[in-house]
Amino acid sequence: MGTDISEFKHILSITESYGARLTAVSKTKPVRDIFTLYQAGQKVFGENYVQELVEKQGVLPEDIQWHFIGHLQTNKVKYIAPFVSMIHSVDDLKLLREIDKQAGKCNRIIDCLLQIHIATEETKFGMDENELIHLLKEVMVHPENYHHIRLCGLMGMATNTDDTILIRREFHTLKALSENVRNKYIAHPQYFTELSMGMSHDYLIALEEGSTLLRIGSLLFGKRDNKQV
Ligand SMILES: *Cc1c(COP(=O)(O)O)cnc(C)c1O
């Protein structure tokens with residue numbers, strides 16, 4: 001199974017009707033599938049693994065905007081800092097400091113989203129509300145340490161369930177939290193506008209709840225190998 005262009009056009013038109021954007025999640029998928037979607041007009045792609053991202057970035061067109069959406073280890077930031085356009089998965093201060101440091105070395109400013117744990121599952125990464133506020137206060141108190149990152153909003157993954165009421169509630173919580181901290185703790189609220197939420201099975205609910213950035217993989221590229229999440 002390869003890239004599904006008609007599904008892509010369908011999802012894109014719904015996404016645009018909400019004024020949102022689409023990140024095509026291409027982890028584990030071959031370069032040719034990404035290129036097919038690129039030729040159909042998609043320019044934003046999301047990847048979860050550093051080495052895979054670096055390899056793909058090296059061979060695919062320059063004007064692709066690469067978003068990193070997976071768990072990011074501090075010692076690997078340096079490999080993606082020269083080119084990554086947004087990191088969705090910042091979930092602690094040490095990581096944010098390292099992104100700032102590596103972006104500084106490249107003379108860049110990297111857009112960052114802060115990942116929040118909204119699901120009921122234990123396994124998902126992300127901060128709770130208190131951890132988020134702690135991080136934001138630190139950034140406010142020491143802005144000189146964060147000249148090379150831009151805080152652009154929040155990211156979250158809903159519980160993997162068919163319970164649409166639960167999913168809706170989790171997305172709603174993320175949006176409310178975003179508005180809450182934006183007014184109180186964000187020095188440049190004009191940039192803090194993104195809500196990265198919504199995957200293949202819950203993107204419609206996410207759009208209804210105010211998502212600005214969907215992350216969709218399997219609907220566009222086909223199901224992934226079970227072992228690779
Ligand atoms: C894999 C992944 C997605 C895409 O999931 P699909 O169900 O294939 O759409 C979105 N967000 C994150 C963080 C992911 O790891």
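Structure's up top.
Okay, so let's go over this structure. (Residues numbered from 1 in each chain as written. Predicted model: local features only at pLDDT ≥ 70, side-chain atom pairs only at ≥ 80, totals over all residues. Heavy atoms only, no water.)

1. Considerations on the overall build of the protein chain
The test is simple: Here a strand is any run of E in DSSP of at least two residues, a helix any run of H or I of at least four, and the numbering for each starts at the N terminus. It is over C-alpha atoms that the radius of gyration is taken, and the globule rule equals 2.2 Å times the number of residues to the power 0.38. Each residue gets one of three labels from its accessible area relative to the maximum for its type: buried under 20%, exposed over 50%, partly exposed in between, using a 1.4 Å probe on protein chains only. Only heavy atoms matter for contacts: two residues are in contact if any of them lie within 4.5 Å across the pair. In these tables, accessible area is a Shrake-Rupley quantity obtained with a 1.4 Å probe, and a residue counts as shielded only by the protein chains included in the view.
The helix and strand inventory of the protein chain stands at 9 helices and 8 strands. A compact globule built from 229 residues should have a C-alpha radius of gyration of about 17 Å, and the protein chain, at 17 Å, falls within 12% of that. Oriented by its inertia axes, the alpha-carbon framework of the protein chain measures out at about 50 × 40 × 35 Å. The proportion of buried residues among the 229 residues of the protein chain is 48%. Nonlocal contacts in the protein chain, meaning residues at least 24 apart in sequence, comprise 59% of its contacts between residues at least 6 apart. Surface accessibility of the protein chain: about 11,300 Å² in total, with carbon and sulfur atoms responsible for 49%.

2. A closer look at unusual backbone geometry
With a phi close to 70°, T28 is a non-glycine residue in the positive phi region. Among the structural elements, T28 can be located in the loop between β1 (21-25) and α2 (31-39). In this structure, N107 is a non-glycine residue whose phi angle is positive, near 60°. As for its position among the elements, N107 is in the loop between α5 (93-105) and β5 (110-116).

3. Comments concerning the packing of helix α6 (residues 129-141) against helix α7 (residues 164-185)
Under the convention used in this document: Simply put, an axis is a line fit to the C-alpha atoms, just over the touching stretch for a helix, and the angle between two N-to-C directions goes from 0 to 180 degrees. Note on terminology: angles under 35 degrees are roughly parallel, angles over 145 are roughly antiparallel, angles of 65 to 115 are roughly perpendicular, and the others are oblique. Note on convention: near helix rotated counterclockwise from far helix by under a right angle means a left-handed crossing. Clockwise means right-handed.
Packing of α6 against α7 brings their axes to within 11 Å, and their N-to-C directions diverge by 25°. One element, α6, and the other, α7, form an angle in the roughly parallel class. Of the two elements, α6 crosses α7, and the hand of that crossing is right-handed. Only L177, V181, K184 and Y185 of α7 make contact with α6, whose side of the interface consists of E129, L132, I133, L136, K137 and M140.

4. Side note on the state of the cysteines
A covalent bond between the sulfur atoms of two cysteines is what we call a disulfide. Heads up, the condition is: Note on disulfides: each one is a pair of cysteine sulfur atoms within 2.5 Å.
Taken as a whole, this structure holds 0 disulfides when the rule is applied. With no disulfide of its own, C152 has C112 as its nearest cysteine by sulfur position, at a separation of 7.4 Å. Given the relative accessible area of 5%, C152 is considered buried.

5. Thoughts on the packing of aromatic side chains
Stated precisely, the cut-off is as follows: To pair, rings of Phe, Tyr and Trp, with the six-membered ring standing in for Trp, must have centres within 6.5 Å; the planes then decide the type, stacked if under 30 degrees apart, edge-to-face if over 60, and tilted in the middle.
Tallied over the full model, the rule gives 2 aromatic pairs. Look at F35 and Y38: their rings are 5.7 Å apart centre to centre, the planes differ by 20°, and that puts the pair in the stacked class. In this pair, F35 and Y38 are both assigned in helix α2, 3 residues apart and thus about one turn of the helix distant. Looking at Y38, the relative accessible area reads 16%, which means it is buried. Ring centres of F45 and W66 lie 6.1 Å apart, and the angle between their planes is 45°; on these two criteria the pair is classed as tilted.

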